[in-house]
Amino acid sequence: MIVIIDYGVGNLASVKNALDKLRVESKISSNPLVLKKADSLILPGVGAAGQGMKNLKEKGLDKVIVEEIEKGKPFLGICLGMQLLFEKSEEGDVDCLKVLKGTVKRFKKMKKIPQIGWNQVDIKKGTNLFEDVDDKSYFYFVNSFYCLPKDKQVVAGVTNYGETFASIVAKDGVMGVQFHPEKSGPAGFKLLENFVKGASNVS
Amino acid sequence: MLAKRIVPCLDMTQGKVVKGIQFVNFRDAGDPVKLAKKYSDEGADELVFLDITATVENRDILLDVVRRTAEVVTIPFSVGGGIRTVEDMRMILRAGADKVSVNTGAFKNPKLISDCAKEFGSQCVVLSLDARKVEPNRWNVFINGGRTDTGVSAIDWAKKAVKLGAGEILLTSIDTDGTKQGFNVELTKKVSEAVSVPVIASGGAGKLDDFVEIFKKGKADAALAASLFHFGELTIKQLKDYLRNRNIPIRSWYEEYKY
């Protein structure tokens, strides 16, 4: 069972709908016990980092997420859910989950911010996550901030929006994607499907 | 680089897709959920739903269409028509829409934009702006389905709405809408240059080169069309192939995968 973490930000239903379409059993929950029992976790999220972290803490989910990741539970962070994996976000100057080393920065070089629309990902790393997903595939992005990992080894895909940024990170069982795979047509669904497949092999 | 978006629009009334010419004369164009799924599968980059006769009684029908659409499409979509309150917006987002467009309600109460942006984020709030030329080099905002001239300049309203928190502008030229004589390049360029958010050009698409023009000269980030697609005059694939061959960045997708 995949658990989609409910922390009061963003469109959880769209992730749930996507998993339903893939015929994968999933559940939306904010209960730490349910998270602990899950085979894998998805942290979605649209909105501000400060609010996101505040909600995670209030629900006692921040510690559970870190513990479960440390135990090796497959984890996917989407958009804000990816950013929260890092140490600190410039957005509201907040401390995040610190699962990955690095910070979250604001775009500076483009006139139109947030970036809204379909952009390409140069896929850097060959893992099973990218099976049948072509290099330079387009995914749907909505973001004003991006992740700047300290450890370049975790960067699995990059995208350019005025500056080149990490649009996919992957380390052990943890994956973060800056775009919305659940809204990215067949390429996004393929990626989700690969995450689900990988996750079920681990558990 | 960001791809230019191709956006089919589904104008609806009582749960059915319709399309008018210059905002009147509607003919039936079919079931919205089926059409939405078809466009999503064919490579559309986003969908726009506009409930053109939004009433309280029809709200449940609209929400049902939104819910069923969210279950079948794999791309983002916005929903608009009769949005007056933060609660209206919440209902539509909860039903599964990614964005909500506001028009007359926001013009009469600009705070609606800032309230919604604060509550859901700017990326959810699309300003739908209907403009008509009133004198050379001057376009006014028209509200109430394009019937009422507000006397306010379209460019001024666009700028103000962005300042309040609108994350995108859906710009419809009433002058060109339904004419199939091409988008309003002049107006779109002006608005696009005046604001720091993406502009979706709407109204007047009739042939392939109209899209080239609106992207290259009109500086649009996305282009919307309805009847061209609904009545099968043009497929999304034909359009995208054409644009790609003219060096416009267009999303490629995987036609062989079906979700």
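Predicted model, so just to flag it, every value in this text is computed and none were measured.

Visitor: Mind laying out the overall build of chain B, listing which residues take part and the relevant values?
Guide: A tally of regular secondary structure across chain B gives 10 helices and 12 strands. Computed over C-alpha atoms, the radius of gyration of chain B comes to 17 Å, within 12% of the 18 Å expected from 2.2 N^0.38 for 259 residues, which places it in the range of a compact globule. C-alpha atoms of chain B, sized along the principal axes, occupy 45 × 40 × 35 Å. Put simply, chain B has 259 residues, and 54% of those count as buried. For chain B, the share of sequence-separated contacts (at least 6 apart) that also reach a separation of at least 24 residues comes to 66%.

Visitor: Please give an account of the overall build of chain A that cites residues and values.
Guide: Tallying secondary structure elements over chain A gives 6 helices and 13 strands in all. Against the globule reference of 17 Å for 203 residues, chain A gives a C-alpha radius of gyration of 15 Å, in line with a compact fold. In terms of its C-alpha atoms, chain A occupies a principal-axis envelope of roughly 45 × 40 × 30 Å. Burial statistics for chain A: of 203 residues in total, 57% are counted as buried. In chain A, the proportion of contacts linking residues at least 24 apart, taken out of those at least 6 apart, comes to 70%.

Visitor: Go over the nonpolar core with me, naming the residues and quoting the values.
Guide: If you look at soluble globular proteins, the nonpolar side chains tend to sit buried side by side. Grouped together as the largest cluster of nonpolar side chains are 153 residues, with contacts concentrated most on Leu47(B), Val100(B), Ile169(B) and Ala223(B). A per-element tally of this core places helix H6 (residues 185–202) of chain A first, with 7 residues. Those residues in contact with Ala223(B) that lie beyond four places of it in its chain are Ile6(B), Val7(B), Phe183(B), Ala201(B), Ala205(B), Phe211(B), Ile214(B) and Phe215(B).

Visitor: Could you give me a rundown of the packing of helix H3 (residues 86–94) of chain B against helix H5 (residues 111–120) of chain B, with the residues and numbers involved?
Guide: Residues and elements named next belong to chain B. In contact at an axis separation of 10 Å, H3 and H5 are set at 40 degrees when each is read in the N-to-C sense. Viewed along their axes, H3 and H5 adopt a mutual orientation that is oblique. Once H3 is placed against H5, the crossing between them reads as right-handed. Where H3 abuts H5, its residues Val86, Met89 and Leu93 lie against Asp115, Cys116, Glu119 and Phe120. Residues that form the contact of H3 with H5 fall into these classes: 5 nonpolar, no polar and 2 charged.

Visitor: Can you tell me about the confidence of the model for chain B, naming the residues and giving the values?
Guide: Residues and elements named next belong to chain B. With 93% of its residues at a pLDDT of at least 70, chain B reaches an overall mean of 91. Predicted confidence is poor over residues 21–26, with pLDDT under 50, and the contacts of this stretch with residues over four places away or in other chains come to 12 contacts. Of the two predicted TM-score estimates for the complex, the pTM is 0.93 and the ipTM is 0.90.

Visitor: Talk me through unusual backbone geometry; I want residue IDs and the actual numbers.
Guide: Note that the residue after Ile113(A), namely Pro114(A), is joined by a cis bond; omega there is 5 degrees. Topologically, Pro114(A) is positioned in the loop between strand S7 (102–106) and strand S8 (115–123). Located in the positive-phi region is Cys79(A), a residue other than glycine, with phi close to 60 degrees. Within the secondary structure layout, Cys79(A) lies in the loop between strand S4 (75–78) and helix H5 (80–83). The class of Cys79(A) is buried, set by 27 C-beta atoms lying within 10 Å. You will see that Asn137(B), though not glycine, has its phi angle at about 65 degrees, which is positive.

Visitor: How would you summarise the packing of helix H1 (residues 32–42) of chain B against helix H2 (residues 59–72) of chain B if you had to cite specific residues and measurements?
Guide: Residue and element names in this part refer to chain B. Here H1 crosses H2 at 25 degrees, and the two axes come no closer than 9 Å. When the axis of H1 is compared with that of H2, the two are roughly parallel. Of the two elements, H1 crosses H2, and the hand of that crossing is right-handed. Residue-level inspection shows Pro32, Val33, Ala36 and Lys37 of H1 in contact with H2, the latter providing Val65, Arg68, Thr69 and Val72.

Visitor: Let's hear about helix H1 (residues 12–21) of chain A: which residues, and what values?
Guide: Summarising burial for H1(A): 8 of the 10 residues are buried, a large majority. Of the residues making up H1(A), those classed as buried are Leu12(A), Ala13(A), Ser14(A), Val15(A), Lys16(A), Asn17(A), Ala18(A) and Leu19(A).

Visitor: For the pairing of strand S8 (residues 138–143) of chain B, give the residues involved together with the corresponding values.
Guide: Residues and elements named next belong to chain B. Of the pairings in the sheet, the one linking strand S7 (residues 125–135) to S8 comprises 5 bridges and is antiparallel in character. Counterpart to Asp130 in the pairing with S8 is Phe142. Pairing geometry for S8 and strand S9 (residues 148–153), over 3 bridges, is antiparallel. Note that in S9 the partner of Ile143 across the bridge is Thr148. Linking S8 back to S9 in an antiparallel pair, the connection comprises 4 residues, with Asn144 at a positive phi of about 55 degrees.

Visitor: Go over the pairing of strand S6 (residues 99–102) of chain B with me, naming the residues and quoting the values.
Guide: All names here are of chain B. Residue alternation in S6 divides its side chains into two sets, Lys99 and Ser101 and Val100 and Val102, and both sets are buried. For strand S5 (residues 77–80) and S6, the ladder comprises 3 bridges, and the chain directions are parallel. Residue Val79 lies in a different strand from S6, and its bridge partner there is Val100. Handedness of the crossover joining S5 and S6 through H3 is recorded here as right-handed. Here S6 runs beside S7; their pairing, made up of 3 bridges, is parallel. The partner of Val102 across the bridge, within S7, is Leu127.

Visitor: For the environment of Ala70(B), give the residues involved together with the corresponding values.
Guide: All names here are of chain B. Tracing the sequence through the fold places Ala70 in helix H2. By C-beta crowding, Ala70 is classed as buried, having 21 other C-beta atoms within 10 Å. Once the C-alpha coordinates of Ala70 and Ala36 are considered, the two residues, 34 residues apart in sequence, prove to be 9.5 Å apart.

Thresholds, definitions, all that
- Residues numbered from 1 in each chain as written.
- Chains lettered and ligands numbered in written order.
- Predicted model: local features only at pLDDT ≥ 70, side-chain atom pairs only at ≥ 80, totals over all residues.
- Helix = DSSP H or I, 4+ residues; strand = E, 2+ residues; numbered from the N terminus.
- Rg over C-alpha atoms; globule rule 2.2 N^0.38 Å.
- Buried ≥ 20, exposed ≤ 12 C-beta atoms within 10 Å, placed from the backbone.
- Contact = placed C-beta atoms within 7 Å.
- Core = buried A, V, L, I, M, F, W, Y, C linked by C-beta atoms within 7 Å.
- Axes fitted to C-alpha atoms, helices over the stretch in contact; angles between N-to-C directions.
- Parallel < 35°, antiparallel > 145°, perpendicular 65-115°, else oblique.
- Left-handed = near helix turned anticlockwise from the far one by under 90°.
- Nonpolar A, V, L, I, M, F, W, Y, C, P; charged D, E, K, R; others polar.
- pLDDT = per-residue confidence, 0-100.
- Pairing = 2+ DSSP bridges.
- Right-handed = clockwise from strand over helix to strand, strands pointing away.

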